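Fold and contact review
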Amino acid sequence: MAKEVRLDCLGEACPVPLIKTQKKMANVAVGDTLIVEVDHSCAIKNVPEWARKEGFNCEVDEVDDGQWEIIIEKTK
Amino acid sequence: MQIKDSPYYKSFLKNPWSYVAGAVILAILNTAIFTITGSPWGVTSTFAMWGAWMFKALGGHPETWVYFQGKSGETLAKGIAAHTGTFMNLGIIVGALLASLLASEFRIKKIKNMKQVAAAIIGGLLMGYGARISFGCNIGALFSGIASMSLHGWQYLIFIFLGAWAGSKMLVKFFM
Amino acid sequence: MESTKNVSRKRKKRVNQIPFGVALLVGVIIIGYLIKDLGPKHPMTWMFGILLGFTLRNSRFCFTASLRDPILTGGTNLSKAVIVAITVATIGFSAIQYGAFLKGDPIPGNINPAGIHIAVGAFMFGIGMVIAGGCASGTIMRVGEGFVMQWLSLVFFILGSLWGAKDYGFWKSNFMDKGLELFLPDAIGWFPSLIVQFGLLLGLFILADWFGNRSKN
């Protein structure tokens, strides 16, 4: 069954959210979804950019002022 | 909220602009600054001035240093209110605040752990000292230096890249 | 932090910050009028500063990332953007410099000696910006965005600058005065310089693009 994995990157400065996301994505199974919680405005640009380059589905959801959840689905 | 649904609001104030759009606007602004002030955009020499004014206020005598002979010394003597670089740096801070408020994304981001404190202190000191002995930062020496067609700008690019490589190793090992 | 079932995402009641932004914009304009008494160039530099901060933040422009991401994450989009910025600025800068040359004035611009001081300083700066999460422009932009870490780093940036200024005499007499100050057009002429400059930038752009696509499989 597809799982949902959360990754807490609140308070982390660039490029830490992206590195942690890359490491985590390597470990989740195909079909799983990773939710990265960030509050660094650059991360909502560079994380989705990387994810889409890798060919994953990716969406950004603003959950609070200046706080986001980046939802990445490992499609392959 | 009607304004938040406007496509103009979204494309100008809410959604990130493309990097290339930013690059072109920054290049035009740098050229404009060069035209009106006589020297290209720089950020860090203003930090040295701020430090010197604070040091002076505390009773120090930075005006005796080699660095403050000549033009920087005149700026030091005239004081902070006359210094245009100060207003430019304050403008960058306020401009970024303005952009995040208009996007409704401002929040105070607290420090997460002691590693970040150490990184900020060591990183800040290294950047401050490094910028003074190499005529600037990524803006003054790299962006404006290369665009001025000076050899030192190209040399700066090579060594800052090596520094970034070393810094990346340290970041992953100690500060993450 | 892992969960197997769908977590319902709580939404806090959000404050609309746009009115604060508009109020700040009005304040910015008023300050622009007030500071004209401090000096004739003040309102213009203030406005350009605001535009720089606004642009840096909204395009998420980051010089640190342009140099660090190829190493750490394999991304080169910002590296390519910085090359574009330098290329566009070269056009404007060379026009200003050539204008001064035609009038017989000294050539303006950031033309400084190359040498050991640049190697040491740039290397230190490179380490510092990666671990502190932002260079000079990135740090002050994030100060405005509310990052407490960058507030701290700015304080030590200023202290480091003061320290560097104190030791400047040592670096000047030992290295800068013996360094090589070279303005490309002085060495090889204006037209060839621009050819070399644009050629190098184009080569770097292609290299960055190739490197960025390489990790895509």
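The shown structure was predicted, so the numbers you read here are calculated from the model rather than taken from an experiment.

Another point: the UniProt feature "transmembrane region" (unreviewed entry) in chain B. Residues and elements named next belong to chain B. When the UniProt feature table is mapped onto this chain numbering, "transmembrane region" (unreviewed entry) sits at residues 20-43, 87-106, 118-147 and 153-172. Taken end to end, residues 20-43 has its terminal C-alpha atoms 22 Å apart, with 75% of it in helix and 0% in strand. The span residues 118-147 is 87% helical and 0% strand by assignment, and the distance between its end C-alpha atoms comes to 34 Å.

We now examine the interface of chain B and chain C. Between chain B and chain C, the residue contacts involve 123 residues of the former and 122 residues of the latter. Interface of chain B and chain C: buried area, both sides summed, is about 11,400 Å²; carbon and sulfur atoms make up 80% of it. Connecting chain B to chain C are 2 salt bridges. For the salt bridge of B:Glu105 with C:Arg60, the shortest nitrogen-to-oxygen distance reads 3.9 Å. Taken together, the links from chain B to chain C amount to 24 residue pairs in polar contact (both at pLDDT 80 or more). Looking at the side of chain B that touches chain C, the elements with two or more residues in it are helix H1 (7-14), helix H2 (19-37), helix H3 (44-57), helix H5 (84-102), helix H6 (114-133), helix H7 (138-147) and helix H8 (151-174) of chain B. Broken down by element, the residue count for the side of chain B that touches chain C peaks at 19 residues, all from H8(B). When the residues that make up the side of chain B that touches chain C are grouped by side-chain class, the tally is 84 nonpolar, 33 polar and 6 charged.

The next thing to look at is the domain arrangement of chain C. Residue and element names in this part refer to chain C. Considered domain by domain, chain C is made up of domain 1 (1-59) and domain 2 (60-216). For domain 1 versus domain 2, the separation of C-alpha centres amounts to 26 Å. At the junction of the two partners, domain 1 supplies 4 residues and domain 2 supplies 5 residues. Note on domain 1 versus domain 2: buried area summed over both sides is about 570 Å², and carbon and sulfur give 52% of it. Broken down residue by residue, the surface that domain 1 buries against domain 2 is led by Leu 56, Arg 57 and Ser 59, which jointly contribute 93%. Across the domain 1-domain 2 interface, the total number found is 1 salt bridge. Glu 145 serves as the salt-bridge partner of Arg 57, at 3.1 Å between the closest nitrogen and oxygen. At the junction of domain 1 and domain 2, the tally comes to 6 residue pairs in polar contact (both at pLDDT 80 or more). Across the side of domain 1 that touches domain 2, the residue classes break down as 1 nonpolar, 2 polar and 1 charged.

Cut-offs and rules
Residues numbered from 1 in each chain as written. Chains lettered and ligands numbered in written order. Predicted model: local features only at pLDDT ≥ 70, side-chain atom pairs only at ≥ 80, totals over all residues. Heavy atoms only, no water. UniProt positions renumbered as here; feature names shortened; annotations may be inferred. Helix = DSSP H or I, 4+ residues; strand = E, 2+ residues; numbered from the N terminus. Contact = heavy atoms within 4.5 Å. Buried area = accessible area lost by both parts, 1.4 Å probe. Salt bridge = Lys/Arg side-chain N within 4 Å of Asp/Glu carboxyl O. Polar contact = N/O pair within 3.5 Å; in protein donor to acceptor, adjacent residues only side chain to side chain. Nonpolar A, V, L, I, M, F, W, Y, C, P; charged D, E, K, R; others polar. Domains from an automatic or database assignment.

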